[in-house]
Amino acid sequence: MTWKTTDYCGWGRVHSAHGPLARPERASALATIAEKTPAPAVGMRRSYGDACLNDAGRMIDMTRMDRVLEFDPATGALHIEAGAQIGQILKIFAPKGWLPPVMPGTGFATVGGAIAMDVHGKNHHGAGSFGMHVTEITLMMPKGPKVVTPAKNSALFKATVGGLGQTGPIMSARLQMLRAKGDVMIVTERRVEAWNEFLALLDASEATYTVGWIDATARGDQLGRGILEEAETGAGLIPPAKRGKRIPFDAPDMALSPTVVRTFNAAYWRRVPDKGRTVVKHIDNFFFPLDKIHDWNRLYGKSGFHQFQCVVPIEAADDLRAMLERIAGSGLASPLAVLKRMGPGRAGYMSFPMEGYTLAVDFPNRAAARRLIGELEAATVVAGGRIYLAKDALAGPDTVRGMYPEFAAWSKTVQKADPDGHYMTDLVRRLKLRTA
Amino acid sequence: MSQTWIILGATSTIARSFARLASDSGDGVLLAGRDIADMQATASDCAARGAPLAEVIAFDARDAASFSAILKRASDIDGTLSVAVFVGSMPTQDAMDADPSLIAGTVTDNFTGPAIFLTMIAPILEARGNGTVVGVGSVAGDRGRIGNYIYGAAKAGFHTYLSGLRNRMGRKGVHVMTVKPGTVDTAMTWGMEKLPFLAQPEKIAADILRGANGQKNILYTPLIWWPVMTVIRLIPERIFKKLQV
């Protein structure tokens, strides 16, 4: 059968949808669906909110179309089906000396999803966003495959990259892979005592991969303390990564109570010695630390969780500090909090990145946390920043449009590509992105 | 010595996973099936994963004339030759009850087509004195049930054929393994209701490759189907005929 009617949800498990899902395995099957019953495409549903949902409508699950169509070992040019996961690509090609050019925090994200969200990684300050390394996208339109390149179809390309899937299902893409020394990571970890030091270290970092873990529960003098990780690829032999563990049930609420989180964060921070250290890590463990724990989203219990992620311009660093102060004061944050310096690189009209600092913090789905996220969104607007639609589940239409200055160009191109609104998702409806 | 798998029915979900895993471990793959364009995508995937040989060739279980080209290509491949048969089709019992002319095709796809091919290629494998034949049957072939007995009968025929082939080829150094998968999460079962112990194709493919390396004779996968089917086989017919399982 082509369609399976089922319930599904986003990674944060707050929003869910009910409707028929198709999961084509061949291009010919996808072509038939695209022609007869056009619908938005979805990958591994690693978007936290409702970007990957189409309640009461149809959805095309692309995860079974995940093959390497062509690879040139001399140049690193890769043509791959959109359902392929970034972690799989890493696994196949890292031993051959090539890496996906940009890797988000989870290896389960698909190529199609990485394009539709124009994702960034720990190398954003140098390499830019994922879409900047995409040289061609094939969309499966009702009339058949449409090949889109940045040179020939500039507007459609920019509306597709970071375009939330609104220009049609991405069937395959060509990427330029990145040459790597080997498939291990040499990681320098440094304890950071407080906010100002953190920003200074991020600004000064010359590493290819840089990311900061931040203790979002630390207050006062310790506000903004964390661990700075700087890494380069290297060659060497370390044992293969251990098989992942699975969270078998929804955790009770107290698993992430303020005391537990505060205690955990303090211990996690002290784990790195005072003088810092350099360790060799398996490449998977560095890029996708949480993927080892399958279904870790269940740690937040049945009601799910939110991630707030914003980016603010460099000159608005103090606004970001004030936001962190508010988060730390609330006692609502979970241990998962990340601070990173972003470069200007972005490839689509609706791409998230801007030059500045990005902060991402997870919160359990409670009324107080939703209120706090609302305040943080407002603060982001004042700071001239923007929130990340791959994570968002709560914003309203008024907040978001103003954050994305190229919204009008995106809207116009999308309207032309999908005049009948076949590819609308719950996120697009919530934020009224397809209504004039 | 390098091994090459001739994979019949290479567009099936499990075959695709199997081809990948075989490529990961350095084996070659000769993909045989009807959708050439789709198999070409799988072949590229296998080549990128390390398969020293990744080619496609036309195969149609209902057209025995298509077999000789495969035999010819296979004879030219050096090293160990192995065959894995994933061919099959499963019209619903209702469809076949309404149109009995569908039965012949179902039997050809699941039993006689593969049997003719294997009988033709057997001497080539025997002459080399090594290699493996993997035949994918089904737990549905273990007992005739009201909801699926023509498909089951075809698979049962294939099981018995494989048992005989094992008896014959074993003495020439070629191992034959019968695989009996339960319900698998494939395009064929997508959207079906009430599928017990539904398994992922990657798991089935990994079990098959491990079973083939370990020279298992009959492989139930996932393993839970071995006790389940043992019990189902033991139910006396006078009781079984009244059951709806």
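Residues numbered from 1 in each chain as written. Chains lettered and ligands numbered in written order. Predicted model: local features only at pLDDT ≥ 70, side-chain atom pairs only at ≥ 80, totals over all residues. Heavy atoms only, no water.

1. Some details on the interface of chain A and chain B
Note: interface size is frequently given as the accessible area lost on complex formation between the parts.
Then, in step 1: Taken together, the contacts link 19 residues of chain A with 21 residues of chain B.
Then, in step 2: Here chain A packs against chain B, burying approximately 1800 Å² in sum over the two surfaces, 45% of which is carbon and sulfur.
Then, in step 3: Applying the counting rule to chain A against chain B returns 5 salt bridges.
Then, in step 4: Here chain A is connected to chain B by 17 residue pairs in polar contact (both at pLDDT 80 or more).
Then, in step 5: Mapped onto the side of chain A that touches chain B, the elements with two or more residues apiece are β1 (3–9), β2 (16–22), β5 (68–72) and α2 (86–93) of chain A.
Then, in step 6: The biggest single contributor to the side of chain A that touches chain B is β5 of chain A, with 3 residues. (Contact = heavy atoms within 4.5 Å. Buried area = accessible area lost by both parts, 1.4 Å probe. Salt bridge = Lys/Arg side-chain N within 4 Å of Asp/Glu carboxyl O. Polar contact = N/O pair within 3.5 Å; in protein donor to acceptor, adjacent residues only side chain to side chain. Helix = DSSP H or I, 4+ residues; strand = E, 2+ residues; numbered from the N terminus.)

2. Quick look at the packing of helix α1 (residues 13–24) of chain B against helix α2 (residues 36–49) of chain B
Residues and elements named next belong to chain B.
Then, in step 1: Their axes nearest at 8 Å, the elements α1 and α2 cross at an angle of 25°. Classed by the angle they form, the pair α1 and α2 counts as roughly parallel. Our pair here, α1 against α2, has a crossing hand that is right-handed. Of the residues in α2, those touching α1 at Arg16, Ala19, Arg20, Ser23 and Asp24 are Asp38, Thr42, Asp45, Cys46 and Arg49.
Then, in step 2: Looking at the contact of α1 with α2, its residues break down into 2 nonpolar, 2 polar and 6 charged. (Axes fitted to C-alpha atoms, helices over the stretch in contact; angles between N-to-C directions. Parallel < 35°, antiparallel > 145°, perpendicular 65-115°, else oblique. Left-handed = near helix turned anticlockwise from the far one by under 90°. Nonpolar A, V, L, I, M, F, W, Y, C, P; charged D, E, K, R; others polar.)

3. Things to note about the sheet that holds strand β8 (residues 134–141) of chain A
All names here are of chain A.
Then, in step 1: Across the sheet, which stays open at both edges, the 5 strands sit in the order β5-β6-β10-β8-β9 with antiparallel pairing between neighbours. The sheet is open, and its two borders are formed by β5 and β9 (144–148), each paired with just one other strand. Ignoring which end each strand starts from, the neighbouring axes of this sheet average 10° apart.
Then, in step 2: In this sheet, strand β10 (residues 170–176) lies alongside β8 in antiparallel orientation, the contact comprising 5 bridges. Within the sheet, the bridge partner assigned to leucine 139 lies in β10 and is isoleucine 170. (Pairing = 2+ DSSP bridges.)

Spatial relationships are all this shows, so hold off on functional conclusions.
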